[in-house]
Amino acid sequence: MAQDLFLNKTAVMGGGLMGSQIALVLAMGSKETVLMSRRQETVDKALENIHRYAGDLERHELLRGQSAQAVLGRMRTTTDVKDAVGDAEFVVESITENLEAKQALFEQMDAIAPRHTVLASNTSGLPITVLGERMVHQDRIGGSHFFQPAHIVPVLEVIRGQHTSDESMYRS
């Protein structure tokens, strides 16, 4: 079955439980999805989980007519922020719930990612406006809060920050 892929490149920052699940979700609708984590061992564990999740979804016919192999073939991993977001259209941050760490990552991504890139956080409790305080382009940060387990529960809460543009909200 031919599949319409909505985005050319997406990225997920953070290879923990939620980051792994979000990466699989994005890979189902993107030509390329990059999962980034600082440590290679985290990336390796994330890939093990993603392969298991994709296999489970395929067995239950929940991959929208795609094969697990096709979805997984559109994914890759990295430990480099620039590699992950340098030409991405949509990025979801899913690192630990630490304000300083998240602000530093958004500041870094803001400096690297193309101007049109939407930078979203999967935070469950930190204000989006505060996460983007150190960004130059605060209009492109928003919240994309996936519910657990992200690859099974089709619910996404989209959150606007004080400076989030209508365009960024639409593209989220």
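Keep in mind it's a predicted model, so treat the numbers as computed, not measured.

Here Gln103 shows up in helix α5 (residues 99-112). Look at Gln103 and you get buried, because its relative accessible area is 8%. Reaching out from Gln103, the side chain makes a polar contact with the backbone oxygen of Val130 at a distance of 2.8 Å. Other than its neighbours up to four places away in sequence, Gln103 contacts Val130, Leu131, Glu133 and Arg134.

Moving on to the sheet that holds strand β3 (residues 75-78). Sheet architecture is open: 7 strands sit in the order β3-β2-β1-β4-β5-β6-β7, paired in mixed fashion. Both edges of this open sheet fall to β3 and β7 (156-160), since each of them pairs with a single strand only. Each adjacent strand pair in this sheet contributes to an overall mean axis angle of 25°, direction not counted. Here strand β2 (residues 30-36) runs beside β3; their pairing, made up of 4 bridges, is parallel. Along β3, the bridge assignment pairs Met36 with Thr78. The strands touched by helix α2 (residues 40-59) within the sheet are β2 and β3, with β3 carrying the most contacts at an inclination of about 160°. Each of β1 (7-13), β4 (90-93), β5 (118-121) and β6 (141-146) is contacted by α5, which is oriented at about 170° to β5, the strand it contacts most.

Among the 6 residues that make up β6, 6 are buried, leaving the element largely enclosed by the rest of the structure. Alignment of β5 against β6, held across 3 bridges, turns out to be parallel. Bridge assignment links Ala120 to a residue of β6, and that residue is Gly142. One ladder, built from 5 bridges, connects β6 with β7; its direction is antiparallel. The residue of β7 that forms the bridge with Gly143 is Ile159.

Turning our eyes to something else, we now look at the environment of Phe147. Mapping Phe147 onto the fold places it in the loop between β6 and β7. A sequence separation of 80 residues divides Phe147 from Ser67, and the C-alpha atoms of the two residues are 24 Å apart. Apart from residues no more than four positions distant in its own chain, Phe147 is found in contact with Met18, Val153, Val155, Leu156 and Glu157.

Here we take up the nonpolar core. Grouped burial of nonpolar side chains is what soluble globular proteins tend to show. Grouped together as the largest cluster of nonpolar side chains are 25 residues, with contacts concentrated most on Ile22, Leu24 and Ile50. Elements with a minimum of two residues in this core: α1 (17-27), α2, α3 (68-73), β4 and β5. Counting residues per element, this core draws most heavily on α1, which supplies 6 residues. Membership of the second largest hydrophobic core comes to 18 residues, among which are Met36, Leu105, Leu119 and Ile141.

With that settled, consider the pattern of salt bridges. This model, assessed by the stated rule, comprises 13 salt bridges. We note a salt bridge from Glu32 to Arg76, for which the minimum N-O separation is 2.6 Å. Here Arg76 lies in strand β3 and Glu32 lies in strand β2, a separation of 44 residues in the sequence. Residue Arg76 is classed as partly exposed on the basis of its relative accessible area of 29%. Here Asp166 ties to Arg160 by a salt bridge, and the two come within 3.0 Å at their closest N and O atoms. For Arg160, a relative accessible area of 43% corresponds to the partly exposed category.

Rules used throughout
- Residues numbered from 1 in each chain as written.
- Predicted model: local features only at pLDDT ≥ 70, side-chain atom pairs only at ≥ 80, totals over all residues.
- Heavy atoms only, no water.
- Helix = DSSP H or I, 4+ residues; strand = E, 2+ residues; numbered from the N terminus.
- Buried < 20%, exposed > 50% of the residue type's maximum accessible area, 1.4 Å probe, protein only.
- Polar contact = N/O pair within 3.5 Å; in protein donor to acceptor, adjacent residues only side chain to side chain.
- Contact = heavy atoms within 4.5 Å.
- Pairing = 2+ DSSP bridges.
- Axes fitted to C-alpha atoms, helices over the stretch in contact; angles between N-to-C directions.
- Core = buried A, V, L, I, M, F, W, Y, C linked by side-chain atoms within 4.5 Å.
- Salt bridge = Lys/Arg side-chain N within 4 Å of Asp/Glu carboxyl O.

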